[in-house]
Amino acid sequence: MRKALILLLSIAILSGCADDKNTNAGAVVINASDYHASLDQITNIMVHDIFSPPVASRIYSYSNLAAYEIVAQHNPEFESLTKKINADISIPVLDTTKAIDYRMAALIAQLEIGKTLIFSEAEITNYRDSLFVSWKENNEEIFTNSEAYGMQVADAFKKWIDKDNYKETRTMPKFSVYTEDVSRWQPTPPTYMDGIEPHWMKIRPFTLDSASQFKPEPHPEFSMEEGSDFHKELMEVYEVRNLMDETGNKSEEMSIAKFWDCNPYVSTQRGHLMFATKKITPGGHWIGITKIACKKANLDFDKTVYAYTTTSMGIADAFISCWDEKYRSNLVRPETLINKFIDDLWKPVLQTPPFPEYTSGHSVVSGASAEVLTQLFGDQFQFLDDTEVRYGLPEREYTSFRNAAKEAALSRLYGGIHYRSAIENGLDQGILLGQNVIKTLNVKAL
């Protein structure tokens with residue numbers, strides 16, 4: 001009887017505690033809440049380090065995928081995603097003859113990739129080391145084996161990540177601004193920053209065959225002639241903002257605009273002083289929604305990692321697709337034209353981000369994220385979004401992910417930073433991209 005019990009415990013340890021509620025002696029019980037906490041830590045550091053939305057998406061996708069590939073080796077319910085995208089990476093094989101906790105190894109790989117891609121390495125190292133002390137005290141053999149394997153996978157990922165063209169884009173020329181052409185993008189107040197990530201379309205995608213695969217239809221032809229389609233859209237931005245001023249800061253439109261702001265670096269100037277307010281990115285907001293959905297559905301560790309991974313890969317490809325169009329069409333922002341031709345004192349509700357207008361990044365990312373999450377959790381998944389509570393904003397309730405995506409897209413009109421075509425065509429662009437992610441990765445319902 002005793003030998004049988006020992007054998008059963010050994011099998012459970014080797015399987016990495018397959019049941020989240022399992023309390024096997026000598027093994028650390030790692031569950032979905034540990035993964036949420038780990039990803040939250042990476043998000044917090046990205047907010048602190050002020051990563052741009054495209055770069056943040058790269059960090060989320062690689063760190064989650066590294067963890068997932070370990071889960072996929074152990075859990076027959078899931079398949080390798082790197083094989084589905086024909087990634088040039090060889091994942092080390094999990095040695096099941098050793099006492100190893102694959103969930104621990106997955107967390108180690110995730111944190112190592114996250115540490116590699118962020119700036120404040122000390123912060124994530126301290127967090128990781130605190131976990132290591134606890135895990136080692138529980139069972140040194142399992143920890144040692146799990147750490148070794150997790151680092152092997154992380155090392156394989158680092159070699160693959162190094163080939164995604166990110167390093168090369170760091171040394172490419174800055175974006176050229178043509179001030180003589182009023183239709184083209186100009187830096188906007190208050191910081192008048194250069195256009196960020198003008199070469200992001202050159203980053204290796206996950207599921208796209210090219211950055212232009214889901215190239216949207218062109219925006220209305222630029223024209224300041226009254227009655228033209230473009231001029232109508234410009235005036236809509238101007239008039240919506242003025243109407244919001246009349247209804248006050250408590251209007252629904254104002255609440256929506258601020259809730260979906262997701263600008264990682266908002267500059268505020270008071271007299272001679274200028275300081276920054278740091279927030280999550282649009283991708284970070286949808287990662288937060290993924291967390292909410294996983295917790296509401298009470299997903300276990302493996303399914304939680306799967307949800308984060310498929311969603312974050314969609315977010316990453318959405319930024320590549322969107323940035324491809326932004327720097328091709330190079331369209332001027334509403335704020336620039338309104339200040340120049342209509343009202344030099346007009347200001348948008350939100351601070352205009354430092355890159356061209358068309359299409360709306362939040363619209364593309366939201367459309368893609370909502371499609372993947374709908375496939376994972378269902379079309380009528382109701383949720384309470386508390387992602388922005390940490391930034392002093394109240395919760396908002398949604399009847400579905402697609403409903404949330406439509407509101408997120410429309411928030412850019414209320415915020416005064418996008419024309420309607422950028423919003424609607426951007427949402428369509430994201431939806432098509434999200435459907436492609438689902439097909440390519442064969443995303444399964446949870």
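Keep in mind that what you see is a predicted model, and the values were worked out from it rather than measured.

Colleague: What should I look at first to understand the overall build of the protein in this one?
Modeller: When you go through the protein residue by residue, the secondary structure sums to 16 helices and 4 strands. Relative to its length of 446 residues, the protein is compact, with a C-alpha radius of gyration of 23 Å against a globular reference of 22 Å. C-alpha atoms of the protein, sized along the principal axes, occupy 85 × 45 × 45 Å. In the protein, which comprises 446 residues, the proportion classed as buried is 59%. For the protein, the accessible surface area stands at approximately 19,100 Å², while carbon and sulfur atoms represent 51% of it. One finds the centroid of the 45 positive side-chain charges in the protein at a distance of 4 Å from the centroid of its 60 negative side-chain charges.

Colleague: What's the story with the pattern of salt bridges in this structure? I'm lost.
Modeller: Two side chains of opposite charge can pair, provided their charged atoms sit close to one another. The full count for this structure, using the stated rule, is 22 salt bridges. Glu 112 is the partner of Arg 128 in a salt bridge, and the nearest nitrogen-oxygen pair spans 3.5 Å. Remark: Glu 112 occurs in helix α5 (residues 102-117) and Arg 128 occurs in helix α6 (residues 121-138); sequence separation between them is 16 residues. On the basis of relative accessibility, which here comes to 16%, the residue Arg 128 falls in the buried class.

Colleague: Please clarify how the packing of helix α2 (residues 32-49) against helix α3 (residues 53-74) should be interpreted in this entry.
Modeller: Think of two packed helices as two axes; the pair is described by the angle between the axes and how far apart they sit. One can describe the packing of α2 onto α3 by two numbers: an axis separation of 11 Å at closest approach and a directional angle of 155°. Relative to α3, the element α2 is oriented roughly antiparallel. Two packed elements cross with a definite hand, and for α2 against α3 that hand is right-handed. Seen from α2, the contacting residues are Tyr 35, Leu 39, Ile 42, Thr 43 and Met 46; seen from α3, they are Ala 56, Ile 59, Tyr 60, Ser 63, Asn 64 and Ala 67. Tallied by class, residues from the contact of α2 with α3 come to 8 nonpolar, 3 polar and no charged.

Colleague: What is the right way to look at unusual backbone geometry in this model?
Modeller: Both trends apply: most residues other than glycine have a negative phi, and most peptide bonds are in trans. Cis rather than trans, the peptide bond between Pro 189 and Pro 190 has omega equal to 5°. Take Pro 190: it is sitting in the loop between α8 (166-169) and α9 (229-247). In this model, Tyr 358 is joined to Thr 359 through a cis peptide bond whose omega is 0°. For Thr 359, the location among the structural elements is in the loop between α13 (334-342) and α14 (361-377). The backbone of Cys 262 shows a phi angle near 50°, a positive value even though the residue is not glycine. By secondary structure assignment, the location of Cys 262 is in the loop between α10 (252-259) and β1 (266-270). Cys 262 sits in the buried class, given a relative accessible area of 3%. One non-glycine residue, Asn 298, adopts positive backbone phi at about 55°.

Colleague: For this particular structure, what's the right way to read the layout of surface pockets?
Modeller: If a probe the size of a water molecule is rolled over the atoms, the empty space left behind becomes visible. Looking at the largest pocket, its volume works out to about 660 Å³. Forming the boundary of the largest pocket are 39 residues, of which Ser 52, Met 193, Ile 196, Glu 197 and Pro 354 lie nearest the centre. For the lining of the largest pocket, the elements supplying multiple residues, two or more each, are α3, α8, α12 (301-329) and α14. Residue composition of the lining of the largest pocket, by class: 22 nonpolar, 10 polar and 7 charged. Quantified by volume, the second largest pocket comes out at close to 540 Å³. Within the residue set of the lining of the second largest pocket, elements represented by two or more residues are α10, β1 and α13. In terms of residue class, the lining of the second largest pocket is built from 11 nonpolar, 5 polar and 7 charged.

About the criteria used
- Counting starts from 1 at the beginning of each chain's written sequence and moves along it residue by residue.
- Where totals are concerned, whole chains, interfaces and linings use all residues; where local detail is concerned, this predicted model gives features only for residues with pLDDT of at least 70, and gives and counts side-chain atom pairs only at 80 or more.
- Excluded from the side-chain calculations are hydrogens and water; all other atoms, namely the structure's heavy atoms, are used.
- Helical segments are the DSSP runs of H or I of at least four residues, strand segments are the runs of E of at least two, and each set is numbered from the N terminus.
- The size measure is the radius of gyration over C-alpha atoms, and the globule rule it meets is 2.2 Å times the number of residues to the 0.38 power.
- Residue exposure (1.4 Å probe, protein chains only): buried if accessible area is under 20% of the type maximum, exposed if over 50%, otherwise partly exposed.
- In this description, accessible areas are obtained by the Shrake-Rupley approach with a 1.4 Å probe, and a residue is regarded as covered only by the protein chains that are shown.
- Asp and Glu are treated as the negative residues and Lys and Arg as the positive ones, with His and the ends of the chain left uncounted.
- Where a charge lies is defined by one atom per residue type: Lys uses NZ, Arg uses CZ, Asp uses CG and Glu uses CD.
- A pairing counts as a salt bridge when a side-chain nitrogen of Lys or Arg comes within 4 Å of a carboxyl oxygen of Asp or Glu.
- Lines fitted to C-alpha atoms define the axes here, with helix axes fitted over just the stretch in contact, and angles between the N-to-C directions of these axes take values from 0 to 180 degrees.
- Comment on the angle field: the value is read as roughly parallel under 35 degrees, roughly antiparallel over 145, roughly perpendicular from 65 to 115, and oblique elsewhere.
- Left-handed is the label given to a crossing in which the near helix is rotated counterclockwise from the far helix by less than a right angle, and right-handed is the label when the rotation is clockwise.
- Whether two residues touch is decided by their heavy atoms; if any such pair falls within 4.5 Å, the residues are in contact.
- Only Asp, Glu, Lys and Arg are considered charged in this grouping, and only Ala, Val, Leu, Ile, Met, Phe, Trp, Tyr, Cys and Pro are considered nonpolar; every other residue, Gly among them, is considered polar.
- Detection works on a 1 Å grid of protein atoms alone, calling trapped sets that fit a 1.4 Å probe cavities and calling open sets with protein on both sides within 12 Å along at least five of seven lines pockets, with lining residues defined by an atom within 4 Å of a point.
- Grid points are joined across faces, edges and corners, and a volume is the space filled by probe spheres set on the points.

Keep in mind that these numbers describe shape and distance, not what the molecule does.
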